[in-house]
Amino acid sequence: PHVPCAHPTPVRVPLSRAVDEMARRGIEPDSAEAQLFGRNLLAALTEGFGRTILETGFFHADPHPGNIFVLDDGRVGLIDFGQVKQIGARQSATLARVMIALSERTSDEDVEQLDQISKLALELGVRLRDDAPREGPAATAIWLFDGSVETLPGGFDVSEISPNSPVKVLKSFPQELTLVGRSTVLIKGIAARLGVKWSLADEWAPIARRLLARQTGADQRRVGGP
């Protein structure tokens, strides 16, 4: 994915040193140029991880600022593929439906919508403690994939270090989703530093719809034969 920017961006440097590189170039952290770079970087990372996780099902499972480079032509590059993960077609489809359900929800107080999101989260393998609120699975999905909200259903807080975080009521989490969560936490962290309300679900929903359309078409061709 590309990170277009009118001003030359940090070249061939890891994301962990991007701030230092911008300072060396005289770009102030709170300037419009820095904000533009940050937003475009955020969009590129979101697209890149969304496409690999949902479209290919094979993704970089150890994303951190030292493994992410901004290249001289404006692209984002990843290194160190010592840890990768593959998601099966069925789980990819369920994850895609989670993205669509989150993106299309109209209220975090609508019981029917929350129950649908919770049902999909449970299908992914999310398990909560027995005393967790009914909204727990949905709140976990919203916390993980929608950084645009300030509150979560069920009385949960958006901060993972809060005693009321949905993380506190998790009993088990599928490994694939844990590794997907690494990329979502990274992207959410960048968005938080930029002060941007960023919904991964909204950004990934178009990719999710394309995936489900392809899977539906493939199923129909199998049923219909050559």
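Residues numbered from 1 in each chain as written. Predicted model: local features only at pLDDT ≥ 70, side-chain atom pairs only at ≥ 80, totals over all residues. Heavy atoms only, no water.

Visitor: Explain the nonpolar core to me, and be specific about the residues and the numbers.
Guide: Soluble globular proteins: nonpolar side chains tend toward being buried together. The biggest cluster of nonpolar side chains holds 63 residues, and the ones touching the most others in it are I53, L54, M99, F145 and W204. If you list the elements that add at least two residues to this core, you get α1 (18-24), α2 (32-56), β3 (68-70), α3 (89-104), α4 (111-124), α5 (136-145), α6 (175-194) and α7 (200-224). When neighbours within four sequence positions are excluded, L54 is seen to be in contact with S92, L95, A96, M99, W204, I207, A208 and L211. (Core = buried A, V, L, I, M, F, W, Y, C linked by side-chain atoms within 4.5 Å. Buried < 20%, exposed > 50% of the residue type's maximum accessible area, 1.4 Å probe, protein only. Helix = DSSP H or I, 4+ residues; strand = E, 2+ residues; numbered from the N terminus. Contact = heavy atoms within 4.5 Å.)

Visitor: How would you summarise the pattern of salt bridges if you had to cite specific residues and measurements?
Guide: Evaluated as defined, the whole model comprises 11 salt bridges. Across the salt bridge formed by D131 and R129, the nearest N and O atoms sit 3.1 Å from each other. Taking relative accessible area as the criterion, D131 reaches 57% and is therefore assigned exposed. A salt bridge links D130 to K171, with the shortest nitrogen-to-oxygen separation between them at 3.8 Å. Here D130 is found in the loop between β6 (127-128) and α5, whereas its partner K171 is found in strand β7 (residues 170-172), with 41 residues between them in sequence. For K171, a relative accessible area of 54% translates into the label exposed. Each of E47, R51, E55 and R210 takes part in a single network of salt bridges with overlapping partners. (Salt bridge = Lys/Arg side-chain N within 4 Å of Asp/Glu carboxyl O.)

Visitor: Explain the packing of α4 against α5 to me, and be specific about the residues and the numbers.
Guide: Contact geometry for α4 and α5: axes closest at 7 Å, N-to-C directions at 80°. By the angle class used here, α4 and α5 are roughly perpendicular. In contact with L114, I117, S118, A121 and L122 of α4, α5 contributes P137, A138, A141 and I142. Residue classes in the contact of α4 with α5 are distributed as eight nonpolar, one polar and no charged. (Axes fitted to C-alpha atoms, helices over the stretch in contact; angles between N-to-C directions. Parallel < 35°, antiparallel > 145°, perpendicular 65-115°, else oblique. Nonpolar A, V, L, I, M, F, W, Y, C, P; charged D, E, K, R; others polar.)

Nothing here speaks to function; it is all geometry.
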